[in-house]
Amino acid sequence: MKVSDLAPRELRQRLIGPGVFLRIASFVTHVRSPIRSVAQGLGLLYADYPLVDDEGYADFHVRVAPPPSIRRWIQRQVVFFIDGTSPFKPLPFDQASAMFEWGLNYCVSSQCHQYLVIHAAVVERQGRAMILPAPPGSGKSTLCAGLVSRGWRLLSDELTLLRLQDGLIEPFPRPVSLKNESIAIIGHFAPQAVIGPVTRDTSKGAVAHLKPPTDSVARAREAAQPAWVVFPRYRPGDPLQLSPVSKASAFMRVAENAFNYSVLGPKGFNALAQLMDLTECFELNYSQLEEATAVLTALPPSAPC
Amino acid sequence: MRCWDDTCIVYSELTGQTHLMGSFPALVLTLLKDGLSNSVQLSARIASTLQVEDDAKLLATIEETLADFERLGLVELNPV
């Protein structure tokens, strides 16, 4: 059964009551929420995701709900709970759906140390994965959405999961987080794309999420061989420039963008060294999304597949 | 330690830190791991490996490198 098999009313009732067990790639998340916008967000953006048996195991038990204090009556707020505890401060109520996404990122980045978890988008084409590590504001998600709209498979917009045991990338496809101007850019670039409602005045500005392609969700258990690491940088008016980056420099930059590199110690070092052995590394400066997606799509394959 | 082209990445199990370094300090570190334990020995071996003069300038460079390593917690220097 998929999320889309539930009528909106039934999905909402389940979220209010026992919750749903949502399978996202290798993870099962038990989600509960009394908030209508969370149900609407799940119904729209997670329509293609499988639901698993209510009695089954869940990796994360999460709840998005108003805070259990008097503040809920003063200023409408929302809190993300994992296993009954709340790692974040409350946010304004209308950010509930976005908070679910950010909270789920936290669950994986803080707990899943069977992977080297890199703050990076990752997409795949013809069996080869391209990792796009970058700090916020670099145009990472815009580029990821652009590539996905031009036939690349979405593995993740936010969290690249590098498996320690074999060096493959484990997919974790979820809605792509678009911010500010990127929302209109992707709406224009990919008119067929499904983009959820815009949440304004978040700490990141205006935020909306792009629904992942159905094929990416269906293939969410297929790991991919890393082939390229590309550090994107969007700057209005910049000419397109794709330049090689030395592997040692790329190593340090990826390590800086990894959530748990220090936690993993020598395992993280070895995993990242192996990643560098397998990949070609580049820096991409761009201002035109069409040009950027074309130049990346034209990159010759590097690693054996 | 892993090297690509002329640059190396070193992970220190002592400190948990990762360091980016050029080929010369990486060579010094490798020789230390191999058991060479003073700057005079290091200078002789490096001069032979790199086909350069074993002179006061090389020795000074090695001692600067060792001081950097100590500052980073990669080695512990004993006074002679």
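What counts and what doesn't
- Residues numbered from 1 in each chain as written.
- Chains lettered and ligands numbered in written order.
- Predicted model: local features only at pLDDT ≥ 70, side-chain atom pairs only at ≥ 80, totals over all residues.
- Domains from an automatic or database assignment.
- Contact = placed C-beta atoms within 7 Å.
- Helix = DSSP H or I, 4+ residues; strand = E, 2+ residues; numbered from the N terminus.
- Nonpolar A, V, L, I, M, F, W, Y, C, P; charged D, E, K, R; others polar.
- Pairing = 2+ DSSP bridges.
- Axes fitted to C-alpha atoms, helices over the stretch in contact; angles between N-to-C directions.
- Core = buried A, V, L, I, M, F, W, Y, C linked by C-beta atoms within 7 Å.
- Buried ≥ 20, exposed ≤ 12 C-beta atoms within 10 Å, placed from the backbone.

K.L.:
I would appreciate a short explanation of the domain arrangement of chain A in the present structure.
P.N.:
The parts lose accessible area when they come together, and the size of an interface is often stated as this lost area. All names here are of chain A. What the domain assignment lists for chain A is domain 1 (3–111) and domain 2 (115–297). Taken over C-alpha atoms, the centre of domain 1 sits 24 Å from the centre of domain 2. Residue-level contacts link 16 residues of domain 1 with 22 residues of domain 2. For the side of domain 1 that touches domain 2, the elements supplying multiple residues, two or more each, are α2 (36–45) and α4 (96–111). If you tally residues by element for the side of domain 1 that touches domain 2, the top one is α4, at six residues. In terms of residue class, the side of domain 1 that touches domain 2 is built from seven nonpolar, six polar and three charged.

K.L.:
I would appreciate a short explanation of the sheet that holds strand β11 (residues 176–179) of chain A in the present structure.
P.N.:
Adjacent strands of a sheet pair through backbone hydrogen bonds, lying either parallel or antiparallel. Residues and elements named next belong to chain A. Read from one edge of the open sheet, three strands run β11-β13-β12, paired in antiparallel fashion. Edge positions in the sheet fall to β11 and β12 (199–202), since each of these pairs with one other strand and no more. When strand polarity is set aside, the average angle formed by the axes of neighbouring strands in this sheet is 35°. Relative to strand β13 (residues 205–210), β11 is paired through four bridges, and the arrangement is antiparallel. From the neighbouring strand, Leu 178 faces β13, where its bridge partner is Ala 208. Set on the sheet, helix α5 (residues 140–149) makes contact with β11 and β13; between it and β11 the angle comes to about 125°.

K.L.:
Would you explain the interface of chain B and chain A in this entry?
P.N.:
If you look at the interface, chain B gives 11 residues, while chain A gives 12 residues. For the side of chain B that touches chain A, the elements supplying multiple residues, two or more each, are β1 (2–4), β2 (7–11) and β3 (18–22) of chain B. The element contributing the most residues to the side of chain B that touches chain A is β2 of chain B, with four residues. Of the residues assigned to the side of chain B that touches chain A, the class counts are five nonpolar, three polar and three charged.

K.L.:
Honestly, the nonpolar core in this entry has me stumped. Any pointers?
P.N.:
Inside soluble globular proteins, nonpolar side chains tend to come together where they are buried. Residues and elements named next belong to chain A. Of all hydrophobic cores here, the largest spans 105 residues; its most connected members are Val 122, Val 123, Met 130 and Leu 132. Broken down by element, the residue count for this core peaks at eight residues, all from strand β6 (residues 115–125). Shared between two domains, this core holds at least three residues of each, these being domain 1 (3–111) and domain 2 (115–297). In this structure, Met 130 is in contact with Val 122, Val 123, Ala 227, Trp 228, Val 230 and Leu 296, ignoring residues within four places of it in sequence.

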